[in-house]
Amino acid sequence: MSGVTKKHRVAIVGSGNWGTTIAKVVAENTREHPDEFEEEVQMWVFEEDVQLSKDSKHYKANSALASKPQKLTHLINELHENVKYLAGISLPTNLIANADLLDTVKGATILVFNLPHQFIGKTCDDIEGHVVPFARGISCIKGVEVTDDGCHLFSDRIGEKLGIYCGALSGANIANEVALEKFSETTIAYAPPAMDHHEPGESSAPSSNSKSGLKAIPAEYPELCHASMKKLFHRPYFHVRVTDDVAGVSLGGALKNIVALAAGFVDGLGWGDNAKAAIMRVGIMEEVKFGKMFFGSSSKPETFTEESCGVADLITSCSGGRNFRCAKMSVAERVDIHEIERRELNGQKLQGTSTAAEVNSFLKANGKEGEFPLFTAVHYILEGKARPEDLPELLEPTVHEKS
Ligand SMILES: NC(=O)c1ccc[n+]([C@@H]2O[C@H](COP(=O)([O-])OP(=O)(O)OC[C@H]3O[C@@H](n4cnc5c(N)ncnc54)[C@H](O)[C@@H]3O)[C@@H](O)[C@H]2O)c1
Ligand SMILES: O=P(O)(O)OC[C@H](O)CO
């Protein structure tokens, strides 16, 4: 570490249910590793006015804050709690809520992106040109972006837009359980191109990797490698395994949200555990096939079967995730899932509904709907073109091929 005189500054872009939870994890770790990271962590908050709930422990104790709606950033910084998106969880005092996006990312050498996927495009547009050129990113976003030229990982989209390297974090991680410090595992994919770091003693001016054009991290900063990712995210209650498979990690997190909707549909029908297990079996097969077919050797089948971001996330999401729960209520009550989302989630966002539509538009464009009967069926059910009761028949691959 000789020659290292600076520390990494970490910023979290996003402050929802998972965004705030990961911010807590990171702020605990920057405090524990002050040799490598600046202790203070800035967290960008999409500002809104929030009325303290009568159920909040702060309601009686803080009459001034409770008397009228307050800025969410003000509440977070005063109470050290995100009362809207992670109520009841104490946040470290070195975590600072900031409504100014550019101020949040200013000077940050590690950017953690954690937003519902529909908002990431605009957020990256806003910060383009304002990030440290040699910064590194980690995307905690579960979703994919489909455009005319294909199906893209958010880690890649963020990296390309901002001109930085971006890895991914995804796992069997229901945010509230992690926030309550109940044991769970996660997977981080981090594989920046070689020559990423200057050796101590080399010029401190950021140079570029000749192939990727990425800027090397100057020698005054600690190296960023698998071990540093572990230092930043691993907690006694949140175990991290690091891999190089960015595509596998990202796809596992995105595609399981479609499967969780199907699990909710059959549970809402009261069909029991065998039906749910059937959905999960087909779901993991389609995840692996999607990775192989569209991401080739850059997505490894074993990532889906051996890492937390694969089958483990599928299991937890099909047991207690928001997509599962809302899909189940929607079928049991015969109410549109978007209405259930608005009614039940207090501003949190389902990711499976839009991912199902995006993945379907990609499969259709490639003539592959029939090869992914579960993903296709979920989209048709959400569109009202099929019924949850039709799932067993729709899971026969030939059905979509004939239609
Ligand atoms: N919540 C979980 O249990 C969990 C766990 C693991 C991964 N994830 C993934 O993490 C990502 C972030 O999810 P989350 O749970 O933090 O979000 P969330 O579902 O809590 O969404 C609410 C957030 O969206 C923000 N928002 C609303 N409108 C916005 C706008 N126009 N622009 C920018 N932000 C806006 C809100 O301010 C709030 O911070 C998602 O991809 C999700 O799939 C979630
Ligand atoms: O609540 P969901 O359905 O968005 O899922 C949450 C996490 O992704 C589970 O790992």
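Residues take numbers from 1 onward in each chain, read along the sequence in its written order. Each chain gets a letter, beginning with A, and each ligand a number, beginning with 1, in the order they are written. Whole-chain, interface and lining totals are the exception, using all residues; otherwise, since this is a predicted model, local features are given only for residues with pLDDT of at least 70 and side-chain atom pairs are given and counted only at 80 or more. The side-chain values count all of the structure's non-hydrogen atoms but skip hydrogen atoms and water molecules.

The protein chain is annotated in an unreviewed UniProt entry as Glycerol-3-phosphate dehydrogenase [NAD(+)] from Dissoconium aciculare CBS 342.82. According to UniProt, the comment filed for the protein chain under the heading Sequence similarities (unreviewed entry) is "Belongs to the NAD-dependent glycerol-3-phosphate dehydrogenase family." UniProt positions are given in the numbering used here, feature names are shortened, and annotations may be inferred rather than shown by experiment.

### Quick look at the UniProt feature "binding site: NAD(+)" (unreviewed entry) in the protein chain
Mapped onto the present numbering, the UniProt feature "binding site: NAD(+)" (unreviewed entry) falls at Gly 14, Ser 15, Gly 16, Asn 17, Trp 18, Gly 19, Phe 46, Phe 119, Ala 175, Arg 322, Lys 349 and Gln 351. Lining the largest pocket, from the set of annotated residues above, are Gly 14, Ser 15, Gly 16, Asn 17, Trp 18, Gly 19, Phe 46, Phe 119, Ala 175, Arg 322, Lys 349 and Gln 351. In this description a helix means any DSSP run of H or I spanning at least four residues, a strand means any run of E spanning at least two, and both kinds are numbered starting from the N terminus. Looking at where Asn 17 falls in the secondary structure, it is placed in helix 1 (residues 17-32). Partly exposed describes any residue whose relative accessible area lies between the buried limit of under 20% and the exposed limit of over 50%, with all areas from a 1.4 Å probe on protein chains only and scaled to the type maximum. Classification of Asn 17 by relative accessible area gives buried; the value is 10%. Working rule for contacts: check all heavy atoms of both residues, and any pair within 4.5 Å makes them a contact. Residues contacting Asn 17, with those up to four places away along its chain left out, are Tyr 85, Leu 86, Ala 175, Asn 176, Arg 322 and Gln 348. Counting of polar contacts relies on pairs of N or O atoms within 3.5 Å, with two restrictions inside protein: one atom must be capable of donating a hydrogen and the other of accepting it, and residues adjacent in sequence are counted only when both atoms are side-chain atoms. At 2.9 Å, the side chain of Asn 17 and the backbone oxygen of Tyr 85 are in polar contact. In the cavity and pocket records, a cavity denotes points on a 1 Å grid over the protein atoms alone where a 1.4 Å probe fits but cannot get out, a pocket denotes an open set with protein on both sides within 12 Å along at least 5 of 7 lines, and lining residues are residues with an atom within 4 Å of a point.

### Digging into the pairing of strand 7 (residues 136-139)
Side chains of strand 7 alternate between two faces, with Arg 136 and Ile 138 and Gly 137 and Ser 139 buried alike. Both strand 6 (residues 110-113) and strand 7 contribute to a ladder of four bridges, which runs parallel. Of the residues in strand 7, the one forming a bridge with Leu 111 is Gly 137. For the handedness criterion, the strands are oriented away from the viewer, and a crossover whose path from the first strand over the helix to the second runs clockwise is classed as right-handed. This β-α-β element, strand 6 to helix 6 (residues 120-127) to strand 7, shows right-handed connectivity. Paired strands are those between which DSSP finds at least two bridges.

### Some points on the site of ligand 1
Close to ligand 1 lie 24 residues, the nearest being Asn 17, Lys 142, Asn 173, Ala 175 and Lys 349. At 2.9 Å from an oxygen atom of ligand 1 is found a main-chain nitrogen or oxygen belonging to Lys 142. For ligand 1, whose accessible area on its own is 840 Å², the fraction buried by protein is 90%. The cavity where ligand 1 resides is the largest pocket. Take the shell around ligand 1: its biggest share by element is three residues, from helix 1. Either an automatic procedure or a domain database provided the assignment from which the domain bounds are taken. In terms of domain composition, the shell around ligand 1 takes at least three residues from each of domain 1 (8-244) and domain 2 (248-395). The cutoff for a nearby residue is simple: one of its non-hydrogen atoms must lie within 4 Å of the molecule or strand. Per-residue and other accessible areas were derived by the Shrake-Rupley procedure at a 1.4 Å probe size, with only the shown protein chains allowed to occlude residues. Occupancy of a cavity or pocket is assigned to a molecule whenever over half of its atoms lie within 2 Å of that pocket's grid points.

### Thoughts on the site of ligand 2
What surrounds ligand 2 is the set Lys 142, Gly 171, Ala 172, Asn 173, Ile 174, Lys 256, Asp 313, Thr 316, Ser 317, Gly 321, Arg 322 and Asn 323. Between ligand 2 and the protein, one listed contact pairs an oxygen atom with a side-chain N or O atom of Lys 256 at 2.7 Å. One nitrogen or oxygen atom from the side chain of Asp 313 is found 2.6 Å from an oxygen atom belonging to ligand 2. Against a free-state accessible area of 310 Å², the protein chains account for coverage of 93% of ligand 2. Using a 2 Å cut-off from the grid points, one finds that ligand 2 occupies the largest pocket. Elements with a contribution of two residues or more to the shell around ligand 2: helix 13 (308-320) and helix 14 (322-333). With three residues, helix 13 is the single largest residue contributor to the shell around ligand 2. Each residue is assigned to one of three groups, with Ala, Val, Leu, Ile, Met, Phe, Trp, Tyr, Cys and Pro labelled nonpolar, Asp, Glu, Lys and Arg labelled charged, and all others, Gly among them, labelled polar. A per-class count over the shell around ligand 2 returns two nonpolar, six polar and four charged. Shared between two domains, the shell around ligand 2 takes at least three residues from each, and those domains are domain 1 (8-244) and domain 2 (248-395).

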